[in-house]
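# Architecture at a glance
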Amino acid sequence: MSKLEPDELEKALTVGEMSARSGVAVSALRFYESKGLIRSARSKGNQRRYGREVLRRVSVIKVAQRVGVPLASIREALKALPESRAPTAAEWRRLSAKWRAELDERIGKLTRLRDQLDQCIGCGCLSIKDCWLRNPWDKLAAQGPGARLIEHA
C-alpha cells in the first residue's frame, strides 16, 4: 500500500472511478494490484484509493499488454519507475525501446515457426524422432531413448 497525504487521499480516485477513467475493469485493477503493478492507499473506511498518477501506470500496462508484453516484463519495467508520479516521456521511450527489442525477437521466432509449420503440413508426420517442429534440432536425443519432455500449457 502506498501512503497518501490527507489532502491527496481526498483527491484520490475510488476503484470505481479508476475503472471508469482507465477503461479497465475493477477486477483487473485488483489483479494488477495483487501482482504489484499498481498500488493503492486505504481510506478511513478501508476502501481503496488510487493516486491520479496510477492512471498513467494503468495506461502503460494496457498498452504493453496490447502489443504482447508479458506481465512479468511489465512488472520488472515498472519497478524502475518512481511510484509517486506518472512515468515521463523519456521513461516511456526507454521502456518501449526495451519492449520493442523483445517483441522483435519474438516476431522473428514466430516467423521461423510459421515457416517450419508450412514444411510440416507437407510431411504430416509429427514424429518425435524426425519432426522439425516437435523436436527441433533433436536436442533431447543426447539424453537417451524414452520420454524426455512434458509440455506445459
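Residues numbered from 1 in each chain as written. Predicted model: local features only at pLDDT ≥ 70, side-chain atom pairs only at ≥ 80, totals over all residues. Heavy atoms only, no water.

### Brief notes about the overall build of the protein chain
To keep things clear, this is the line we draw: Secondary structure counts use DSSP, requiring at least four H or I residues in a row for a helix and at least two E residues in a row for a strand, with both numbered from the N terminus. Residue exposure (1.4 Å probe, protein chains only): buried if accessible area is under 20% of the type maximum, exposed if over 50%, otherwise partly exposed. Pairs of residues are marked as contacts when any of their non-hydrogen atoms sit within 4.5 Å. In this description, accessible areas are obtained by the Shrake-Rupley approach with a 1.4 Å probe, and a residue is regarded as covered only by the protein chains that are shown.
Within the protein chain, the secondary structure is distributed over six helices and three strands. Seen in sequence order, the protein chain has helices and strands lined up from the N terminus as α-β-α-α-β-β-α-α-α. Counting the 153 residues in the protein chain, one finds 26% classified as buried. Once local pairs closer than 6 in sequence are excluded, the contacts in the protein chain between residues at least 24 apart make up 53%. Working note: accessible area of the protein chain is about 10,700 Å², and carbon and sulfur atoms make up 54% of it.

### Topic: the nonpolar core
The condition that has to hold: In these notes, a set of buried Ala, Val, Leu, Ile, Met, Phe, Trp, Tyr and Cys residues joined through side-chain atoms within 4.5 Å is what counts as a nonpolar core.
The biggest cluster of nonpolar side chains holds 22 residues, and the ones touching the most others in it are Leu 29, Ile 38, Ile 74 and Trp 99. When residues of this core are traced back to their parent elements, those giving at least two are helix 2 (15–22), helix 3 (26–34), helix 4 (53–66), helix 5 (71–79) and helix 6 (89–123). The dominant element in this core, judged by the number of residues it contributes, is helix 4, at six residues. Once residues lying within four places of it in the same chain are set aside, the contact partners of Leu 29 are Val 15, Met 18, Ser 19, Val 24, Ile 38, Tyr 50 and Val 58.

### Topic: the sheet that holds strand 1 (residues 13–14)
Quick note on the threshold: Note: two strands are recorded as paired if DSSP finds a minimum of 2 bridges between them.
Taken in spatial order, the three strands line up as 1-3-2 in an open sheet, and their pairing is antiparallel. Each of the sheet's edge strands pairs with one partner strand only, and the pair in question is strand 1 and strand 2 (41–42). Looking at chain direction, strand 2 and strand 3 (residues 48–50) are connected through two bridges and run antiparallel. Paired with Arg 42 across the bridge in strand 3 is Arg 48.

### Observations concerning helix 4
Spelled out, the test is: A helix's residues, less one, multiplied by 1.5 Å, set its expected span.
For helix 4, spanning 14 residues, the distance from its first C-alpha to its last is 20 Å, which sits close to the expected 20 Å at 1.5 Å a residue. The set of residues buried in helix 4 consists of Val 54, Leu 55, Arg 57, Val 58, Val 60, Ile 61 and Ala 64. Just past helix 4, the residue Gly 68 takes up positive phi, approximately 100°.

### Section: the packing of aromatic side chains
Let me state the cut-off plainly: Planes of paired rings set the category: under 30 degrees apart is stacked, over 60 is edge-to-face and the rest tilted, where pairs are Phe, Tyr or Trp rings (Trp by its six-membered ring) whose centres lie within 6.5 Å.
Using the criterion set out here, one finds two aromatic pairs in the structure. On the basis of an interplanar angle of 55° and a centroid distance of 6.4 Å, the ring pair of Phe 31 and Tyr 32 is categorised as tilted. Both rings, one in Trp 92 and one in Trp 99, keep their centres 6.0 Å apart while their planes meet at 70°; by these two values the pair is edge-to-face. Residue classification places Trp 99 among the buried positions, given a relative accessible area of 3%.

### A word on the pattern of salt bridges
Worth spelling out the cut-off: Each reported salt bridge corresponds to a side-chain nitrogen of Lys or Arg within 4 Å of a carboxyl oxygen of Asp or Glu.
One pass over the full model with this rule turns up four salt bridges. Between Lys 79 and Glu 76 there is a salt bridge whose closest N-O contact spans 3.1 Å. Of this pair, Lys 79 and Glu 76 both sit in helix 5, three residues apart, which is roughly one turn of the helix. Under the relative-accessibility criterion, Lys 79 is labelled exposed at 57%. A salt bridge links Glu 91 to Arg 85; the nearest nitrogen and oxygen atoms lie 2.8 Å apart.

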